[in-house]
Amino acid sequence: MSRWIIRLVILSAIILVAEIYAFQALKTVTKSRVVKWSWLGVSALVYANLIYVIFTTPRSLGQTVQFQYAVGFMLTILIPKAILIIMMFGEDIVRVILKLVSVFSSGETQSFVGRRVFVSKLALGLAAIPFASFLYGIIQGRYNYKVLKYQLSFEDLPEAFDGLTITQISDIHSGSFTNKNKIQYGVDLINEQKSDIILFTGDIVNNKADEMDTWVDVFKQLDAPMGKFSVLGNHDYGDYVDWLTKEDKVNNFKAVKDIHPKIGFDLLLNENRYIEKDGQKIAIVGVENWGKGFNQSGDLVKASEGINKDDFKILLSHDPSHWEYMVKKDDFNYQLTLSGHTHGLQMGIEIPGIFKWSPSQYVYKQWAGLYEEFGRYINVNRGFGYHAFPGRVGIWPEVTVIELKKGTKNA
């Protein structure tokens, strides 16, 4: 028996125990056979669909839309049940403690039935919140585009570029798209920003170049008077597909790179470009993907050949771990880095200016938004598209607009 089948069996056993435990909460608050059989039926269909998709989808196809929906619906029913299990298990612990106390007490043993019903109702009510949120995230949240605007000041910014506007997009993941009208709306929203430059920070596909075929005419509409520049992300290398031959993978990678000029982007493969205005210039530096634990094709030294330490530099690097481990302390001084990759895990809680949380933060130190260290900045874009989970919950798709200003350090 292969290792992945063993893991699947273990995971299935854990889920089965969890389902049985969560079902006890439902039985406590209702005796309706319709409700209970509906609960069991929906769960069975979701798990059966996931197993069917896993065993009938060849690895050569990569992550299909059908697989994303299967995973999405599993998370939609499983995460609310996790809340149920936590609350019911906690109540069980309290009940055991009180039972033990009552054994050594001379007082009358109290009934736990009423409290059990109350806790079950409370747990079901709380579980309904993530259930509704995940359904919204799949139906609408993945298209809930947000424009986030920042103004950054730099003492060494050439005066000719005072007021330069940059729109950053990242993680298109075209292989996940299903609704052309919604994607067209997102592209129109990018153009409405009327930025001088558009910068794309990688993952144009999930795995294969042909995922973009349907969307080339949409994304070629993106317009910026001073240029559009891009880099590759980890998914663009085709590393997550079982290719029939090495040649197939090589040809796919070439086709992925060829997408960028088709939509009007200058793809930077460990190289740079100068943008000039009124006799002054800034450098756009683009590295291939470099990620902690991922493909590390990025070569910062090679990408910076021909530019000077004193030049103002905007670095495009898909994975923010590159900034954390290689860029932020580099004496060559990359004033502004733009990244993506994390998607903010596509789920979390954000209250602008007050609170920001996602499980993504336990993996990446810089996982969403703007960060500053050593007088250098990185913006981690939350992504335009979506991947794995076919939705977004609390972490919305993002279009970033950054205005550069000549001036003193930002407060």
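Since the structure is predicted, the reported quantities are computational estimates derived from the model, not experimental observations.

Cut-offs applied
- For every chain, the first residue of its written sequence is number 1, and the numbers climb from 1 along that sequence.
- In keeping with the predicted nature of the model, local features appear solely for residues at pLDDT of at least 70, side-chain atom pairs appear and are counted solely at 80 or more, and the whole-chain, interface and lining totals rest on all residues.
- Side-chain measures were taken over the full set of non-hydrogen atoms in the model, leaving aside hydrogen atoms and water.
- If DSSP finds at least two bridges between two strands, the strands pair.
- We count a stretch as a helix when DSSP gives it H or I for four or more residues in a row; a strand needs E for two or more, and each element gets its number in order from the N terminus.
- An axis is simply a line fitted to the C-alpha atoms; with a helix, the fit covers only the stretch in contact. Between two such axes, the angle follows the N-to-C directions and lies from 0 to 180 degrees.
- Throughout, a residue-residue contact means that at least one pair of heavy atoms, one from each residue, lies within 4.5 Å.
- An angle below 35 degrees is read as roughly parallel, one above 145 as roughly antiparallel, one from 65 to 115 as roughly perpendicular, and any other as oblique.
- What makes a crossing left-handed is the near helix being turned counterclockwise from the far one by less than a right angle; a clockwise turn instead makes it right-handed.
- Note on residue classes: Ala, Val, Leu, Ile, Met, Phe, Trp, Tyr, Cys and Pro are nonpolar, Asp, Glu, Lys and Arg are charged, and everything else, Gly too, is polar.
- Residue types Ala, Val, Leu, Ile, Met, Phe, Trp, Tyr and Cys, when buried and joined through side-chain atoms within 4.5 Å, form a set referred to as a nonpolar core.
- The buried label goes to any residue with under 20% of its type's maximum accessible area, the exposed label to any with over 50%, and the partly exposed label to all in between, with areas taken from a 1.4 Å probe on protein chains only.
- Whenever a carboxyl oxygen of Asp or Glu lies within 4 Å of a side-chain nitrogen of Lys or Arg, that contact is scored as a salt bridge.
- When the strands point away from the viewer, a crossover counts as right-handed if the route from the first strand across the helix to the second turns clockwise.
- Each pair of aromatic rings taken from Phe, Tyr and Trp, with Trp reduced to its six-membered ring, is defined by centres within 6.5 Å and is described as stacked if the planes are under 30 degrees apart, edge-to-face if over 60, and tilted in the remaining cases.
- Here, over-ring charges are defined by two tests on the NZ atom of lysine or the CZ atom of arginine: distance to the ring centre within 6 Å, and angle to the ring normal within 35 degrees.

Asker: How do you make sense of the sheet that holds strand β7 (residues 280–286) when you look at a structure like this?
Answerer: Hydrogen bonds along the backbone pair up the strands of a sheet, which may run parallel or antiparallel. Reading across from one edge, β6-β7-β8-β9-β13-β12 is the order of the six strands in this open sheet, with mixed pairing throughout. Two strands in the sheet have a free side with no partner beyond their single neighbour: β6 (271–277) and β12 (369–373). When strand polarity is set aside, the average angle formed by the axes of neighbouring strands in this sheet is 20°. Sheet topology places β6 next to β7; seven bridges connect them, and they run antiparallel. For Glu-276, the partnering residue across the bridge sits in β7 and is Lys-281. In the packing of helix α9 (residues 320–327) onto the sheet, the strands contacted are β8 (313–316), β9 (336–339), β12 and β13 (376–380), and the crossing angle to β13 comes to about 160°.

Asker: How should I be thinking about the packing of helix α2 (residues 33–56) against helix α3 (residues 65–103) in this particular structure?
Answerer: What describes two packed helices is the angle between their axes and the distance between those same axes. Look at α2 against α3: their axes get within 9 Å of each other, and the N-to-C directions meet at 140°. Looking at the two axes, α2 sits oblique to α3. The hand of the α2/α3 crossing is left-handed. Of the residues in α3, those in contact with Trp-39, Ser-43, Val-46, Tyr-47, Asn-49, Leu-50, Val-53 and Ile-54 of α2 are Gln-66, Phe-67, Ala-70, Val-71, Phe-73, Met-74, Ile-77, Leu-78, Lys-81 and Leu-84. Of the residues that constitute the contact of α2 with α3, the class distribution is 14 nonpolar, three polar and one charged.

Asker: Explain the nonpolar core to me, please; I cannot follow it from the model alone.
Answerer: For soluble globular proteins, the rule of thumb is that nonpolar side chains tend to be buried together. By size, the foremost hydrophobic cluster in this structure holds 32 residues, and its most contacted members are Phe-177, Ile-183, Ile-204, Met-212, Phe-219 and Leu-222. Breaking this core down by element, the ones donating at least two residues are α5 (180–192), β3 (197–200), α6 (216–219) and α7 (246–262). Looking at this core element by element, the count peaks at four residues for α5. Once residues within four sequence positions are removed from consideration, Phe-219 is found in contact with Ile-172, Phe-177, Ile-183, Val-187, Met-212, Ile-263 and Phe-384. In terms of nonpolar packing, the next biggest core, distinct from the first, is built from 23 residues, Phe-154, Ile-197, Ile-314 and Leu-336 among them.

Asker: Can you walk me through the environment of Met-347 in this structure?
Answerer: Within the fold, Met-347 resides in the loop between β9 and β10 (349–351). Between the C-alpha atoms of Met-347 and Tyr-150, which are 197 residues apart in sequence, the distance is 23 Å. Once residues within four sequence positions are removed from consideration, Met-347 is found in contact with Phe-134, Ser-358, Pro-359, Phe-389, Val-393 and Ile-395.

Asker: Teacher, can you tell me more about the pairing of β3 here?
Answerer: For a regular strand, the rule is simple: side chains alternate between the two faces of the sheet. Neither face of β3 is exposed, since Ile-197 and Leu-199 on one face and Ile-198 and Phe-200 on the opposite face are all buried. Two strands pair when backbone bridges link them, and strand β2 (residues 165–169) and β3 are joined in this way by four bridges, in the parallel orientation. Across the sheet, Ile-169 pairs through a bridge with Phe-200, a residue of β3. As paired elements, β3 and strand β4 (residues 228–230) share three bridges and run parallel to each other. Bridge assignment links Leu-199 to a residue of β4, and that residue is Phe-229.

Asker: How do you make sense of the pattern of salt bridges when you look at a structure like this?
Answerer: Once the charged atoms of two side chains with opposite charge are near each other, the side chains can pair. Across all of its chains, the model carries twelve salt bridges by this definition. Residue Glu-19 is joined to Lys-81 by a salt bridge in which the shortest nitrogen-to-oxygen separation is 2.8 Å. Of this pair, Glu-19 sits in helix α1 (residues 3–29) while Lys-81 sits in helix α3, and the two are 62 residues apart along the sequence. You can call Glu-19 buried: its relative accessible area is 11%. Its salt-bridge partner being Arg-273, residue Glu-271 comes within 3.4 Å of it at the nearest N-O pair. One continuous salt-bridge network, built from bridges that share partners, spans Glu-324, Lys-328, Lys-365 and Glu-373.

Asker: Quick question: what am I supposed to make of the pairing of β2 here?
Answerer: With five of five residues buried, β2 lies mostly within the body of the structure. Where β2 meets strand β14 (residues 398–406), four bridges bridge the pair, whose relative direction is antiparallel. Across the sheet, residue Ile-166 finds its bridge partner in β14, namely Ile-402. The handedness of the β2 to β3 crossover, carried by α5, is right-handed.

Asker: In this structure, what is going on with the packing of aromatic side chains? I would like to understand it.
Answerer: Ring pairs (aromatic) are described by centroid distance and by the angle formed between their planes. Applying the stated criterion across every chain yields a total of 15 aromatic pairs. Ring centres of Tyr-145 and Phe-384 lie 4.8 Å apart, and the angle between their planes is 25°; this geometry places the pair in the stacked category. Residue Tyr-145 is located in the loop between α4 (113–139) and β1 (146–154), and its partner Phe-384 is located in the loop between β13 and β14; the two are separated by 239 residues in the primary sequence. Just as Tyr-145 is buried, Phe-384 falls in that class too. Through successive ring pairs, a cluster of aromatic residues spans Tyr-145, Phe-177, Tyr-185, Trp-215, Phe-219, Phe-384 and Tyr-386. Across from the ring centre of Phe-332, 4.9 Å away, lies the NZ or CZ of Lys-313, which sits over that ring.

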